[in-house]
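Examining the three-dimensional arrangement
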Amino acid sequence: MTAPASYRTEVLLEAVDLVKEFPIRSGVFRRRSGSVQAVSGVSFAVRRGETIGLVGESGCGKSTTGRMLLHLIEPTAGEVRFKGTAIAGAGRRSLKTLRRNLQIVFQDPYASLNPRMTVAATVSEPMRIHGIGRAEARQRTADLLQTVGLNPEHANRFPHEFSGGQRQRIGIARALALEPDVLVLDEPVSALDVSIQAGVVNLLEELQDRLGLAYVFIAHDLSVVRHISDTVAVMYLGKIVEIGPADTVYEQPAHPYTKALLSAVPVPDPRVERARQRIVLTGDVPSPANPPSGCRFRTRCWKAAEICAVQVPPLTLRPGGQQAACHFPEA
Amino acid sequence: MEPVLSVRDLCVTFPSDDGPVRAVDHVSFDVHPGETLGIVGESGSGKSVTSLAVLGLLPKRASITGSVTLLGQPLLGRKESELRRLRGDRIAMVFQDALAALNPVFTVGSQIAEAITEHHDRSRAEVRQRVLELLDLVGIPNPTARINQYPHEYSGGMRQRAMIAMAIANEPELLIADEPTTALDVTVQAQVLDVLERIQLRTNSAILLITHDLGVVAGTADRVMVMYAGRQAELADVEALFYEARHPYTQGLLASLPRLDRRVGGEKLHRIKGQPPSLVHLPPGCAFTPRCPHARAGECDQERPTLVELSPRHFAACHRIGSFETAGAA
């Protein structure tokens, strides 16, 4: 397969060595007694019209990474670059510019909409904050609702009058209000029923084709991620263990964790599913407060050797075109 | 072979401010020993209410009609004390949220022990031995230490396994698992499904597996029942359901799934138009009519279709079967 055209186009957003530490506090005085590194040096880039999928199990740091991209969570170290310019610190002005270009859609369409605001008020709020005139905002709100497949006549209704799928569309309309270049989508379809999911995924793809948006698609559902992503990054305990073109990562995974993760996802096809070799990992993900030395996956890895406890494996290019962080890669 | 569980014309109706809501509507099925019946459907399709009705765990305000027979004995209308004797012994349940289902102030070991002593007279030593055996069976490492720990000291996957240990403590003939892996990460889900499969091989229990994940069903169920708006849409052996789905809803559902194992290069996902109906205002006739690509006015929106056996062991409820193509997922 040849690389899609999008690989050669403009890089919109870069994450460079992002690190986030959260303090652990204990005792009566809530003294800082340690820290959890939720994200430990994550780097990737997203190009115009391209989707990068961020996958991993709970606690792997994928959502924290997504929030750092928007500076909703301040990175402890590392930086986010938009069109080559670092978004330094959290100055109000630079943040305002950043959020105009970078927006987020949250997982829970019930919690992420204000129940007391009409759809029109919700969708036009970003425009008001960014000084767009009322008449223009009204027109644009109607257009946006149309774009995401909602009836503009319903603009004066409240969130409770809509179903989950429709609410997620409202969230998408709000994120698009300022015509951003990049959308961070944090589990945008996981709360939705299967028959509704497909419609939202299709909508996201149509919008991308039409508006040239770049997506950072965060999800634990590996099937949806394969469908929508050009590039996939697999995270484990705060680090990217494998990153590369989606087809390569799914068809020839190089990191043992990727292999195990993919093998564990059930496929809705009885003959295929029953014939698959499943790698059942033993144990659970270790606590990020006390991650294993060396390779963080070694405690559950069937290939682990002495070197894995001593040396952190760096991301290295594999023949398939992806990068993997493993001393004994599969391919 | 005598079925373990036999459900006939089960209807469950709840009162609501907007009038009665029929959450389960004339549902009938059997489950045989050693068999896993998967019940799939979206939120509000009635799959969980069906399982709670079988266990007699619905609130009093629910009105239940029809019949539920466990090992030849009727269950509906039994006294609570009689049901308590069956629950946990002949019939047991694995819930979705293990943290909510386990009591936080008792050790995991004592809770599993209680499941045994509720139903059988055993010495303390015997019970302890059995609990250790169960913890080991469900793959909890180091049972002698874990037996004295509290639920919060267990990880999510271990709690789920502890709950399975409790459910199978008396080797029940019927195990009801309601979304047993939904709250778990995929690698842990694989471990838990593995445990359920091993246990079924050992005890020959019948399993009623309720889930919204068609991948899980494809891998573990022998037969599958698809529910829509509280009604049965289709009931068939797992391969027939996935490869020769007859009901338009089943077909739509299967087609809308993105696939992990192949690239549907640039293709759009199939989308079922519209929204699942509100149970308070169900459309007349077939509940799927407003979303169905094959519906015909004057037919589908008039009369409710009944579940018909189309080929041996393959049932579907649709007026229009035969007038459109059978299409499977593969």
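Residues numbered from 1 in each chain as written. Chains lettered and ligands numbered in written order. Predicted model: local features only at pLDDT ≥ 70, side-chain atom pairs only at ≥ 80, totals over all residues.

Scanning chain B for helices and strands turns up 11 helices and 12 strands. Radius of gyration (C-alpha) of chain B: 21 Å, near the 20 Å computed for a compact globule of 330 residues. A principal-axis box enclosing the C-alpha atoms of chain B has dimensions of 70 × 50 × 40 Å. Buried residues in chain B amount to 46% of all 330 residues. (Helix = DSSP H or I, 4+ residues; strand = E, 2+ residues; numbered from the N terminus. Rg over C-alpha atoms; globule rule 2.2 N^0.38 Å. Buried ≥ 20, exposed ≤ 12 C-beta atoms within 10 Å, placed from the backbone.)

What follows covers the overall build of chain A. A tally of regular secondary structure across chain A gives 11 helices and 12 strands. Computed over C-alpha atoms, the radius of gyration of chain A comes to 21 Å, within 12% of the 20 Å expected from 2.2 N^0.38 for 331 residues, which places it in the range of a compact globule. For chain A, the spread of C-alpha atoms along the three principal axes comes to 65 × 55 × 40 Å. A fraction of 65% describes how many contacts in chain A between residues 6 or more apart in sequence connect residues 24 or more apart. (Contact = placed C-beta atoms within 7 Å.)

With that out of the way, let us pick up the domain arrangement of chain A. Quoted interface sizes are often the accessible area lost when the parts come together. All names here are of chain A. Domains assigned within chain A are domain 1 (12-229) and domain 2 (255-331). Inter-centroid distance (C-alpha atoms) of domain 1 to domain 2 is 29 Å. Each partner contributes residues to the interface: domain 1 has nine residues there, and domain 2 has six residues. Secondary structure elements with two or more residues in the side of domain 1 that touches domain 2: β2 (31-47) and α7 (222-228). Take the side of domain 1 that touches domain 2: its biggest share by element is four residues, from β2. Residue composition of the side of domain 1 that touches domain 2, grouped by class: four nonpolar, four polar and one charged. (Domains from an automatic or database assignment. Nonpolar A, V, L, I, M, F, W, Y, C, P; charged D, E, K, R; others polar.)

We now examine the interface of chain B and chain A. Tallying the contact residues gives 42 residues for chain B and 35 residues for chain A. For the side of chain B that touches chain A, the element with the most residues is helix α8 (residues 186-203) of chain B, which contributes seven residues. Per-class residue counts for the side of chain B that touches chain A are 19 nonpolar, 13 polar and 10 charged.

What follows deals with the sheet that holds strand β2 (residues 21-31) of chain B. Two pairing modes exist for strands in a sheet, parallel and antiparallel, and in both the strands are linked by backbone hydrogen bonds. All names here are of chain B. Taken together, the four strands give an open sheet; going across it, the order is β2-β1-β4-β5, and neighbouring strands pair in antiparallel fashion. The outermost strands of the open sheet, each flanked by one partner alone, are β2 and β5 (73-74). Summarising the sheet, strand β1 (residues 5-14) and strand β4 (residues 63-70) pair through seven bridges and their orientation is antiparallel. When the bridges of β4 are listed, Ser-6 appears paired with Thr-69. Strands in contact with helix α1 (residues 47-55) are β1, β2 and β4; relative to β1, the strand with the most contacts, it is inclined by about 110 degrees. (Pairing = 2+ DSSP bridges. Axes fitted to C-alpha atoms, helices over the stretch in contact; angles between N-to-C directions.)

All names here are of chain B. Positionally, Arg-320 belongs in the segment after β12 (314-316). Given 17 C-beta atoms within 10 Å, Arg-320 falls into the partly exposed group. Beyond its immediate chain neighbours, meaning those up to four positions away, Arg-320 contacts His-294, Arg-296 and Cys-300.

All names here are of chain A. Where burial is concerned, most of strand β10 (residues 239-245) is hidden: six out of the seven residues are buried. Of the strand pairs in this sheet, strand β9 (residues 231-236) and β10 are connected by six bridges, and their pairing is antiparallel. Opposite Tyr-236, over in β10, you have Lys-239 as the bridge partner. Here two bridges tie β10 to strand β12 (residues 323-324), and the two strands are oriented antiparallel to one another. Bridge pairing in β12 links Glu-242 to Ala-324.

What follows concerns the nonpolar core. With 188 residues, the main nonpolar core has Val216(A), Phe217(A), Val234(A), Ala165(B) and Leu174(B) as its most contacted residues. Mapping this core onto the domain boundaries places at least three of its residues in each of domain 1 (12-229) and domain 2 (255-331) of chain A. Among all residues touching Phe217(A), those that are not within four sequence positions of it are Thr51(A), Ile52(A), Gly53(A), Leu54(A), Leu185(A), Val225(A), Ile228(A) and Ser229(A). (Core = buried A, V, L, I, M, F, W, Y, C linked by C-beta atoms within 7 Å.)

What follows covers the packing of helix α3 (residues 119-129) of chain A against helix α4 (residues 134-147) of chain A. Residue and element names in this part refer to chain A. It is at 9 Å that the axes of α3 and α4 come closest, and there the two elements cross at 125 degrees. Here α4 runs oblique to α3, going by the angle between their axes. When the axes of α3 and α4 are compared, the crossing they make is right-handed. Here Ala-120, Val-123, Ser-124, Met-127 and Arg-128 of α3 come into contact with α4, specifically with Ala-137, Arg-140, Thr-141, Leu-144 and Leu-145. (Parallel < 35°, antiparallel > 145°, perpendicular 65-115°, else oblique. Left-handed = near helix turned anticlockwise from the far one by under 90°.)

We now examine the pairing of strand β6 (residues 102-105) of chain A. Residues and elements named next belong to chain A. Neither face of β6 is exposed, since Leu-102 and Ile-104 on one face and Gln-103 and Val-105 on the opposite face are all buried. Relative to strand β7 (residues 182-186), β6 runs parallel, the two being bridged by four bridges. In the sheet register, Gln-103 faces β7, and the bridge partner there is Leu-183.

A few words on α3(A). Residue and element names in this part refer to chain A. Of all the positions in α3, only Val-119, Thr-122, Val-123, Ser-124 and Met-127 are classed as buried. In this structure, the buried residues of α3 make contact with α4 and α5 (164-176). Of the residues flanking the end of α3, it is Gly-131, one or two places downstream, whose phi is positive at about 70 degrees.

Moving on, we get to unusual backbone geometry. Glycine aside, negative phi is the norm for most residues, and most peptide bonds take the trans geometry. You will see that Asp9(B), though not glycine, has its phi angle at about 50 degrees, which is positive. Note on placement: Asp9(B) falls in strand β1.

Position of Val119(A) among the secondary structure elements: in helix α3. Distance from Val119(A) to Arg167(A), taken between C-alpha atoms, is 9.2 Å for residues 48 residues apart in sequence.

A few words now on the sheet that holds strand β11 (residues 316-317) of chain A. Residues and elements named next belong to chain A. Across the sheet, eight strands lie side by side as β6-β7-β8-β3-β9-β10-β12-β11; this open sheet has mixed pairing. Each edge of the sheet is formed by a strand with only one pairing partner; in this case those strands are β6 and β11. In the sheet, strand β3 (residues 51-55) pairs with β9 via four bridges, with the strands oriented parallel. Within β9, the residue paired with Ile-52 across the bridge is Thr-231. Contacting β6 and β7, α5 crosses the sheet at an angle of about 170 degrees to β6.

Once that is clear, we can look at the environment of Ile196(A). Residue and element names in this part refer to chain A. With respect to the helices, strands and loops of the structure, Ile-196 is situated in helix α6 (residues 194-211). The exposure class of Ile-196 is buried, given the 24 C-beta atoms found within 10 Å. Separated by 31 residues in the primary sequence, Ile-196 and Gly-165 place their C-alpha atoms 5.9 Å from one another.

Residues and elements named next belong to chain B. Between helix α4 (residues 108-117) and helix α7 (residues 156-167), the least distance of the axes is 8 Å, while the angle of their chain directions is 25 degrees. Taken together, the axes of α4 and α7 are roughly parallel relative to one another. Here α4 and α7 pass one another in a crossing that is right-handed. On the side of α4, the interface is formed by Val-108, Gln-111, Ile-112 and Ala-115, while α7 contributes Ala-162, Ala-165 and Met-166. For the contact of α4 with α7, the residue count by class is six nonpolar, one polar and no charged.

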